Amino acid sequence: MEDAADVEAFYDQFEERLGLTGDYEHLEPVLPDVSGKRVLDAGCGLGAGSQYLADSGATVVGVDLSNEHVEAARAEYGADVEFHRMDLTEPLDHFDDGSFDLVVCALVLAHVEDWDQPFAEFARLLGGSGSVVVHVHHPFVDYLELESDSADNVLGEAAEYAAVEQFGRPWGPDGAIMPMYRRPLGEYLRPALDAGFVLAEFLEPGAGPHDTERYDPDRPPRHLLARFDRCE
Ligand SMILES: C[S@@+](CC[C@H](N)C(=O)[O-])C[C@H]1O[C@@H](n2cnc3c(N)ncnc32)[C@H](O)[C@@H]1O
């Protein structure tokens, strides 16, 4: 689990849709009106969310690290959405400065160690205005799982709260290890603020779209939704 290649290999296994077919309805509380907007779905997976945005009136480009996912997305939603294989840890040179009005980045950044690179690119792609909508795992849940003896503590290691740490979470019928990073709350905000965004929305929904059954009301919510607005 060293780099994006491990994440790509993990997701390439799951061209058979492993429940990751959700649209982006759950993002509505932080999503601006997308009608007529140019939207980048950064880490689009199998493309259902991209199609949701297109159905809402946006012109959408979906990019993803997994070639298998990009091909599956193109096959199913290619009539309405343009899809490309791209790595958010690299410059997105394919796109010009200011070529988007909105970036949606849903359940992707947990796989990325350094968030400065993608947020700097998002700022460039948005130009002087626009927004980034982010859906991420809740930092406290990641921390508690690593600290606890629960089944989710796959590494059996204690977390160091202030650090950005790599860990693995079993996923799917074979318990394949999903490479992930956890980080302190401040590191959820700093890269976006450093890139020139302001925090416009910050919500902790009670349960996420992919794991409703696992929600435990006695523990912190599993997900965070945020919107960062560009201000120059
Ligand atoms: C859990 S899926 C989320 C898909 C979709 N956004 C959703 O919310 O349903 C995570 C996706 O992020 C992609 N991904 C992970 N790291 C990435 C990177 N460095 N660049 C681009 N995509 C990445 C994976 O290939 C996978 O398709």
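Up top is the structure these notes are about.
If you're wondering where the values come from, they're calculated on a predicted model, not measured in any experiment.

**Student:** How do you make sense of helix α4 (residues 116-126) when you look at a structure like this?
**Tutor:** Residues spaced three or four apart along an α-helix point in a common direction, a consequence of the helix completing one turn every 3.6 residues. Taken together, the buried positions of α4 are occupied by Pro-118, Phe-119, Glu-121, Phe-122, Ala-123, Leu-125 and Leu-126. Its buried side turned inward, α4 meets β1 (38-42), β4 (102-106), β5 (131-137), α6 (186-194), β8 (197-203) and β9 (223-230).

**Student:** Just checking my understanding: could you explain unusual backbone geometry for this structure?
**Tutor:** Most peptide bonds take the trans form, and the phi angle of most residues other than glycine is negative. Although it is not a glycine, Leu-107 sits at a positive phi angle of roughly 55°. Relative to the elements of secondary structure, Leu-107 occurs in the loop between β4 and α4. Leu-107 sits in the partly exposed class, given 19 other C-beta atoms within 10 Å.

**Student:** What's the story with the pairing of β4 in this structure? I'm lost.
**Tutor:** The side chains of a regular strand alternate, first on one face of the sheet and then on the other. Where burial is concerned, most of β4 is hidden: five out of the five residues are buried. Side chains Leu-102, Val-104 and Ala-106 project from β4 onto one buried face, and the interleaved Val-103 and Cys-105 project onto a second face that is buried too. Sheet topology note: the β1/β4 ladder contains three bridges and is parallel. Across the sheet, Asp-41 pairs through a bridge with Val-104, a residue of β4. For β4 and β5, the ladder comprises five bridges, and the chain directions are parallel. The residue of β5 that forms the bridge with Cys-105 is Val-134. For the crossover from β4 across α4 to β5, the handedness is right-handed.

**Student:** In this structure, what is going on with helix α1 (residues 4-12)? I would like to understand it.
**Tutor:** Those residues of α1 that fall on the buried side of the exposure criterion are Val-7, Phe-10 and Tyr-11. The buried residues of α1 all sit within an arc of 90° when viewed along its axis, so they share a single face. Those residues of α1 hidden inside the fold are in contact with α3 (67-77) and β7 (176-182).

**Student:** In this structure, what is going on with the site of the ligand? I would like to understand it.
**Tutor:** Around the ligand, a shell composed of 21 residues is seen, among which Gly-43, Gly-45, Leu-65, Leu-88 and Ala-106 lie nearest. Among the elements that make up the shell around the ligand, the one with the highest residue count is α1 (three residues). Tallied by class, residues from the shell around the ligand come to eleven nonpolar, eight polar and two charged.

**Student:** What should I look at first to understand the sheet that holds β5 in this one?
**Tutor:** What links the strands of a sheet is backbone hydrogen bonding, and the strands pair in either a parallel or an antiparallel sense. Overall, mixed pairing links the seven strands, which are arranged β3-β2-β1-β4-β5-β9-β8 in an open sheet. Among the strands making up the open sheet, the edge pair consists of β3 (82-85) and β8. On average, adjacent strands in this sheet sit at an angle of 20° to one another, irrespective of strand direction. Most of the contacts of α3 go to β3, to which it runs at about 165°, and overall it touches β2 (59-64) and β3.

What counts and how
- Residues numbered from 1 in each chain as written.
- Predicted model: local features only at pLDDT ≥ 70, side-chain atom pairs only at ≥ 80, totals over all residues.
- Buried ≥ 20, exposed ≤ 12 C-beta atoms within 10 Å, placed from the backbone.
- Helix = DSSP H or I, 4+ residues; strand = E, 2+ residues; numbered from the N terminus.
- Contact = placed C-beta atoms within 7 Å.
- Pairing = 2+ DSSP bridges.
- Right-handed = clockwise from strand over helix to strand, strands pointing away.
- Arc of directions from axis to C-beta.
- Near = placed C-beta within 6 Å.
- Nonpolar A, V, L, I, M, F, W, Y, C, P; charged D, E, K, R; others polar.
- Axes fitted to C-alpha atoms, helices over the stretch in contact; angles between N-to-C directions.

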